[in-house]
Amino acid sequence: MNMQLKGWDDIVNRFLPKPVTPGELRRAISQLASSTPASAIAIQSELELPQHSNLALPKLNILLVEDNLVNQHVVQTWLSQAGHTVQVCENGQLALDQLQQYPYDLVLMDVQMPVMDGYEVLAELQKKEHNTVVIVISADIQPKAVERVLALGALRSLQKPLNQQQLHQVLLEVGLL
């Protein structure tokens, strides 16, 4: 790719989509601060920071609400290895109890769970005007199910089985990374 960039405004307009998320801003600042000439700056993958970056990804406090032990282990491992703090709850009632006691940057939540399902949790959070970011992880990706969780305040709905790249990409897109 041969491109001629004339100055800071050109760099910002070329590489910084609007609206700007914290992750995109970090990448842009890193690119601008690097010793790489502007004409050689490549568009970075959405899945990683530039290798020459000294900036660390933010460490999130995450509540994982999932009743399946295998899914709990897999997602908790991914998130913990990325440096995030993860608290696990196996049902919606326990999740609501946790959310009343502790602040979380993100709730990753299944929909179908015992005691209280994800729909009920979202309805309670909406009723209480709780502003925690919720991303639903569900095997039910039918349009009506997705519309329902989004209408109840979830920021996104992801399909199970989830993969690590997909989760990382969504966290970037919603501005948490």
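Shown above is the structure to which this text applies.
Just so you know, these numbers come straight off a predicted model, no measurement behind them.

A.B. asks: When you look at the overall build of the chain in this model, what are you seeing that I'm missing?
C.D. replies: A count of helical and extended segments in the chain gives seven helices and five strands. Taking all 177 residues of the chain together, the buried fraction comes to 41%. If you take every contact in the chain between residues at least 6 apart in sequence, the share linking residues at least 24 apart comes to 57%. Surface summary for the chain: the accessible area is close to 10100 Å², and the carbon and sulfur share equals 52%.

A.B. asks: Can you help me understand the pairing of strand E1 (residues 61-65) in this one?
C.D. replies: In regular strands, side chains alternate between the two faces of the sheet. The element E1 is extensively covered by neighbouring structure, given that four of its five residues are classed as buried. Examined bridge by bridge, E1 and strand E2 (residues 85-89) share five bridges and lie parallel to one another. Residue pairing for E2: Ile-62 is matched across the bridge by Val-86. Regarding the hand of the β-α-β motif, the stretch spanning E1, helix H3 (residues 69-81) and E2 is right-handed.

A.B. asks: Help me out: how do you make sense of the packing of helix H4 (residues 92-101) against helix H5 (residues 118-127) in this one?
C.D. replies: In a packed pair of helices, the relevant descriptors are the angle between the two axes and the axis-to-axis distance. At their nearest, the axes of H4 and H5 sit 9 Å apart, and the two run at 30° to each other. If you check the angle between H4 and H5, you find them roughly parallel. Handedness of the H4/H5 crossing: right-handed. On the side of H4, the interface is formed by Gly-92, Leu-96 and Leu-99, while H5 contributes Val-121, Glu-124 and Leu-125.

The rules behind the values
Residues numbered from 1 in each chain as written. Predicted model: local features only at pLDDT ≥ 70, side-chain atom pairs only at ≥ 80, totals over all residues. Heavy atoms only, no water. Helix = DSSP H or I, 4+ residues; strand = E, 2+ residues; numbered from the N terminus. Buried < 20%, exposed > 50% of the residue type's maximum accessible area, 1.4 Å probe, protein only. Contact = heavy atoms within 4.5 Å. Areas by Shrake-Rupley, 256 points an atom, 1.4 Å probe, with all protein chains shown as cover. Pairing = 2+ DSSP bridges. Right-handed = clockwise from strand over helix to strand, strands pointing away. Axes fitted to C-alpha atoms, helices over the stretch in contact; angles between N-to-C directions. Parallel < 35°, antiparallel > 145°, perpendicular 65-115°, else oblique. Left-handed = near helix turned anticlockwise from the far one by under 90°.

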